[in-house]
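# Structural overview for review
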Amino acid sequence: DYAVQALLGQGGMARVYKGYDENLDRYAAIKVIESQLVASEDVEEYRERFQREARAIAKLNHPRVVHVYQYGQKEEENLYYMAMGFIEGQDLRHILKSLSRQGRYLTFAQIMRLLRDTAEALDYSHQQGVIHRDVKPSNIMVTKDGHAVLTDFGLALNAQEGTIGNTFGSVHYIAPEQA
């Protein structure tokens, strides 16, 4: 349903592309599981994690949380994808690195806005029973008007399901109680 236009980025589990939906005249960020991960012996774990992320985001409807448009799979190609709202802007990690290279910092007002937006997204997600578990600068998109949007719910946990004792998250940002 999407014409892929560019690779936006990639992580340990997936690649994200910018796509265009001609039928709805809108752009989307299309997350695709890496085929080598799908082909591995842990295929079921990755597929379940990806589906859990899509379902977690689909439950959420908040301006500071990325929206999911579509989730699907093409079994014959070992392709699993999720189309989400395309956010015009940059991730916070990129912004902080760029400012650091210039010897500059975010202003107090910018910091407060980003913190407030992220806290609102997390508070709303928690009220819906979804725990993000990987909040870090690269998972916070900053829109052109300076607002934060929380993305990448790949490690999300449904609070009702609980945990099986596994520790998840990025080592530099993991919650102390998880470590």
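Read on for a plain summary of the structure. What you see is a predicted model; the values in this text were computed from it and never measured.

### Remarks on the layout of surface pockets
In this structure, the largest pocket spans a volume of roughly 940 Å³. Along the walls of the largest pocket sit 32 residues, with Val16, Lys31, Ser138, Asn139 and Asp152 positioned nearest its centre. Listed by contribution, the elements that provide at least two residues to the lining of the largest pocket are strand E1 (3-10), strand E2 (14-21), strand E3 (26-33), helix H2 (43-58), strand E5 (79-85) and strand E6 (89-91). Classifying every residue of the lining of the largest pocket gives twelve nonpolar, twelve polar and eight charged.

### Things to note about the sheet that holds strand E9 (residues 148-150)
Read across the sheet, three strands follow the order E6-E8-E9 without closing on themselves; strand pairing throughout is antiparallel. Bordering the open sheet on either side are E6 and E9, each of which pairs with just one other strand. Shown here is a sheet whose adjacent strand axes are inclined to one another by a mean of 30 degrees, direction ignored. Here E6 runs beside strand E8 (residues 140-143); their pairing, made up of three bridges, is antiparallel. When the bridges of E8 are listed, Asp91 appears paired with Met141.

### Topic: the side chain of Lys31
By the secondary structure assignment, Lys31 is in strand E3. The exposure class of Lys31 is buried, given its relative accessible area of 9%. Contacts of Lys31, omitting those with residues within four sequence positions, involve Ala14, Arg15, Val16, Phe50, Glu53, Tyr80, Tyr81, Met82, Met84 and Asp152.

### Quick notes on the sheet that holds E2
Strand order in the open sheet formed by five strands is E1-E2-E3-E5-E4, with antiparallel pairing between adjacent strands. The sheet terminates laterally at E1 and strand E4 (68-74), the two strands that pair on one side only. Across the sheet, the mean angle separating the axes of adjacent strands is 25 degrees when strand polarity is ignored. Sheet topology note: the E2/E3 ladder contains eight bridges and is antiparallel. Bridge pairing in E3 links Tyr20 to Tyr27.

### Focus on the pairing of E8
Of the two faces of E8, the one lined by Ile140 and Val142 and the one lined by Met141 and Thr143 are each fully buried. In the sheet, E8 pairs with E9 via three bridges, with the strands oriented antiparallel. The partner of Ile140 across the bridge, within E9, is Leu150. Linking two consecutive strands that pair antiparallel, namely E8 and E9, is a turn of four residues; a positive phi of about 90 degrees is found at Gly146 within it.

What counts, and where the lines are drawn
- Residues numbered from 1 in each chain as written.
- Predicted model: local features only at pLDDT ≥ 70, side-chain atom pairs only at ≥ 80, totals over all residues.
- Heavy atoms only, no water.
- 1 Å grid on protein atoms, 1.4 Å probe; cavity = no way out; pocket = protein on both sides within 12 Å on 5 of 7 lines; lining within 4 Å.
- Points joined across faces, edges and corners; volume = space filled by probe spheres on them.
- Helix = DSSP H or I, 4+ residues; strand = E, 2+ residues; numbered from the N terminus.
- Nonpolar A, V, L, I, M, F, W, Y, C, P; charged D, E, K, R; others polar.
- Pairing = 2+ DSSP bridges.
- Axes fitted to C-alpha atoms, helices over the stretch in contact; angles between N-to-C directions.
- Buried < 20%, exposed > 50% of the residue type's maximum accessible area, 1.4 Å probe, protein only.
- Contact = heavy atoms within 4.5 Å.

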